[in-house]
Amino acid sequence: MADFIQVQTTTERREEAEAIAGELVAQRLAACVQIVGPITSTYRWQGQVERAEEWLLLIKTTRAMYEPVEEAIRRLHAYEVPEIIALPIERGSEGYLGWVAAQVE
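Here the structure is a predicted model, which means the values were calculated and not measured.

Enquirer: Can you walk me through the packing of aromatic side chains in this structure?
Expert: Pairs of aromatic rings are described using the distance from one ring centre to the other and the angle between the two planes. Enumeration over the complete set of coordinates arrives at one aromatic pair. Taking the centre distance of 5.6 Å and the plane angle of 40° together, the rings of Y96 and W99 count as tilted. With Y96 and W99 both in helix α3 (residues 94–104) and three residues apart, the pair spans about one turn of that helix.

Below, the structure is given as structure tokens:
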């Protein structure tokens, strides 16, 4: 079975999150994208501490799809430097991970 990952990114607007999610699933780059929010992010940007309301995307995919997922996020994202991180999925139910694999490969 494939190596599975969850990619995370955040957006400023729900509509942008929905557009990214729709594109990733439609292009079979991700099996599922959950949108959580709004959340509050506190971060340092250009020397200032900032606080923003954002939408968190939890993207279920395979390690083999990371590069195309990152490319799609960069293409569709409004931020100059979007958060794009991948976390390994160490374990999961066989049925769910089999479904993820079938959706993206």
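Enquirer: Please explain a nonpolar patch on the surface as it appears in this structure.
Expert: Side chains of Y43, W45 and V81 sit close together on the surface and give an oily, nonpolar patch of about 280 Å² of accessible area. Among the secondary structure elements, V81 is positioned in the loop between α2 (66–76) and β4 (85–88). We classify V81 as exposed; its relative accessible area is 55%.

Enquirer: Before we go on, may I ask you to explain α2 in this structure?
Expert: Think of an α-helix as 3.6 residues a turn; residues three or four steps apart then line up on the same face. Turning to α2, its buried residues are Y66, V69, E70, A72 and I73. Projected onto a plane normal to the axis of α2, the buried residues spread over an arc of 165° and lie on a single side. Along α2, the residues that are exposed and aim more than 90 degrees away from the buried face are E67, E71 and R75. If you follow the buried residues of α2, they end up packed against β1 (4–11), α1 (14–26), β3 (48–62) and β4.

Enquirer: Where do I start with the nonpolar core in this structure?
Expert: Grouped burial of nonpolar side chains is what soluble globular proteins tend to show. V7, L24, V33, I59, V69 and I73 are the most contacted members of the largest nonpolar core, which has 24 residues in total. Elements with a minimum of two residues in this core: β1, α1, β3, α2 and α3. If we ignore the near neighbours within four places in the chain, the residues touching V7 are L57, L58, I59, T61, Y66, V69, I73, I84, I85 and A86.

Enquirer: Teacher, can you tell me more about the pairing of β3 here?
Expert: On a regular strand, one side chain projects to one face of the sheet and the next to the other, so that they alternate. Across eight bridges, the pairing between β1 and β3 is antiparallel. Directly across from T9, in β3, lies its bridge partner L57. Pairing geometry for strand β2 (residues 32–45) and β3, over twelve bridges, is antiparallel. Of the residues in β3, the one forming a bridge with T40 is E53. Hairpin connection from β2 to β3: two residues lie between these consecutive antiparallel strands, with Q46 at a positive phi of about 50°.

Cut-offs and rules
- For every chain, the first residue of the written sequence is number 1, and numbering continues from 1 onward in sequence order.
- Under the rules for a predicted model, residues below a pLDDT of 70 receive no local features and side-chain atom pairs below 80 are neither given nor counted, while totals for whole chains, interfaces and linings still include all residues.
- Just so you know, side-chain values use all the structure's heavy atoms and leave hydrogens and water out.
- Whether two aromatic rings pair depends on their centres lying within 6.5 Å, for rings of Phe, Tyr and Trp, where Trp uses its six-membered ring; planes under 30 degrees apart make the pair stacked, over 60 edge-to-face, and the rest tilted.
- Strands are runs of DSSP state E lasting at least 2 residues, helices are runs of H or I lasting at least 4, and numbering of each runs from the N terminus.
- A residue counts toward a patch only above 30% relative accessible area and without a salt bridge, and it is joined to like-charged neighbours within 9 Å or, for Val, Leu, Ile, Met, Phe, Trp and Tyr, to nonpolar neighbours within 5 Å.
- With residues, only the protein chains shown are counted as cover, and all accessible areas are computed by Shrake-Rupley using a 1.4 Å probe.
- Any carboxyl oxygen of Asp or Glu within 4 Å of a side-chain nitrogen of Lys or Arg constitutes a salt bridge here.
- Under the scheme applied here, a residue whose accessible area is under 20% of the maximum for its type counts as buried, over 50% as exposed, and between as partly exposed, the area being computed with a 1.4 Å probe on protein chains only.
- Throughout, the arc means that of the directions going from the helix axis to the C-beta atoms.
- In this analysis, two residues are considered to be in contact whenever any of their non-hydrogen atoms come within 4.5 Å of each other.
- Nonpolar cores are built from buried Ala, Val, Leu, Ile, Met, Phe, Trp, Tyr and Cys residues. Side-chain atoms within 4.5 Å join them into one set.
- Pairing between strands requires that DSSP locate at least two bridges from one strand to the other.

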